[in-house]
Amino acid sequence: MSVNLAKGQRVSLQKGGGALTVVRMGLGWQAAPKRGLFGSRTRKIDLDASALLYAERTPSDVVFFQHLESTDGSVRHTGDNLEGGSGEEDDEAILVDLRHVPPHITQVVFTVSSYTGQTFAEVRQAHCRLVDEATGVELARYELAGGGPHTGQIMAKVVRDGNGGWEMQAIGAPAKGRTFQDLLPAIEPFL
């Protein structure tokens, strides 16, 4: 059963009988039609999913379209999608093997940025979701609602809960930037 998350809401990633082992953060989107003098057409939008690994408040590693695997191998990006899809499926995904995330990493922050520079007002059906990779069951979903004039989004993070488990927190904070590097100052308040 999936949980729709509101900004700031947290959900435990423990499941009955034990902890999750591998979770997938999926990002899906659809380009919005652009209406003009000669009708409407769909613009391709290149959104990029990134995962930033933090040791407390200090960046330790990053996984994105040019660095597909964390140095320790616990986080892996499945590849870059340059135009989106139907908005119903995941167009990019990042796999996090929670068993192998090094103990000094306390949180993994997921971001989305519009590499081609279009704003989220031009994107439809955008979602960020967490899936139990072993069972395929969707655990949590955050809908990017309303678009807006921004080009980046701090979507969510998974955080060690202090009891040996993990929890997900929806953030949903708009930001300006085409790359994860541009979003670093906007991430700071959420660490």
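So, a few notes on the structure that sits alongside this text. (Residues numbered from 1 in each chain as written. Predicted model: local features only at pLDDT ≥ 70, side-chain atom pairs only at ≥ 80, totals over all residues. Heavy atoms only, no water.)

### Here we look at the overall build of the chain
Scanning the chain from terminus to terminus reveals one helix and 16 strands. For the chain, with 191 residues in total, the buried portion stands at 53%. For the chain, the share of sequence-separated contacts (at least 6 apart) that also reach a separation of at least 24 residues comes to 69%. Roughly 8,900 Å² of accessible area belongs to the chain as shown, and the carbon and sulfur atoms make up 51% of that amount. (Helix = DSSP H or I, 4+ residues; strand = E, 2+ residues; numbered from the N terminus. Buried < 20%, exposed > 50% of the residue type's maximum accessible area, 1.4 Å probe, protein only. Contact = heavy atoms within 4.5 Å. Areas by Shrake-Rupley, 256 points an atom, 1.4 Å probe, with all protein chains shown as cover.)

### Quick look at unusual backbone geometry
Positioned with a positive phi, E56 is a non-glycine residue whose angle comes to about 60°. Structurally, the position occupied by E56 is in the loop between β8 (47-55) and β9 (58-63). Judged by relative accessible area, which is 53%, E56 ranks as exposed.

### So, the packing of aromatic side chains
Going through the model one piece at a time under the given rule, you end up with three aromatic pairs. Judged by centre distance (5.5 Å) and plane angle (80°), the ring pair of F64 and F65 falls under edge-to-face. Owing to a relative accessible area of 11%, F64 belongs among the buried residues under this scheme. Its relative accessible area of 22% is what places F65 among the partly exposed residues. Centre to centre, the rings of F65 and Y115 are 5.4 Å apart; their planes meet at 75°, and the pair counts as edge-to-face. Residue F65 is found in the loop between β9 and β10 (75-77), and its partner Y115 is found in the loop between β12 (107-114) and β13 (123-132); the two are separated by 50 residues along the sequence. On the basis of relative accessibility, which here comes to 31%, the residue Y115 falls in the partly exposed class. An aromatic cluster of three or more residues is present, and its members are F64, F65, Y115 and F180. (Phe/Tyr/Trp six-rings, centres within 6.5 Å; stacked < 30°, edge-to-face > 60°.)

### Observations regarding the nonpolar core
Within the largest apolar cluster, 34 residues are counted, with the highest numbers of intra-cluster contacts made by L47, I94, V96 and F110. Looking at this core, the elements with two or more residues in it are β5 (22-31), β8, β11 (92-97), β12, β13, β14 (137-144), β15 (152-160) and β16 (166-175). Ignoring any residue separated from it by four or fewer positions in sequence, one finds L47 in contact with L27, W29, D80, N81, E92, V112, S113, S114, F120 and V123. (Core = buried A, V, L, I, M, F, W, Y, C linked by side-chain atoms within 4.5 Å.)

### Considering the side chain of S70
Within the secondary structure, S70 is located in the loop between β9 and β10. Residue class for S70 comes out buried when judged on its relative accessible area of 3%.

### A closer look at the pattern of salt bridges
Counted according to the given criterion, the structure contains six salt bridges. Here R24 makes a salt bridge to E133, at a shortest N to O gap of 2.7 Å. Here the residue R24 occupies a position in strand β5, and E133 occupies one in the loop between β13 and β14, the gap between them amounting to 109 residues. For R24, a relative accessible area of 18% puts it in the buried group. Between R57 and E188 there is a salt bridge, and its shortest N-O distance comes to 3.4 Å. (Salt bridge = Lys/Arg side-chain N within 4 Å of Asp/Glu carboxyl O.)

### Here we look at helix α1 (residues 180-187)
Every buried residue of α1 is listed here: F180, L183 and I187. All buried residues of α1 lie within an arc of 60° about the axis, which places them on one face of the element. Each element contacted by the buried residues of α1 is listed here: β8, β9, β12, β15 and β16. (Arc of directions from axis to C-beta.)

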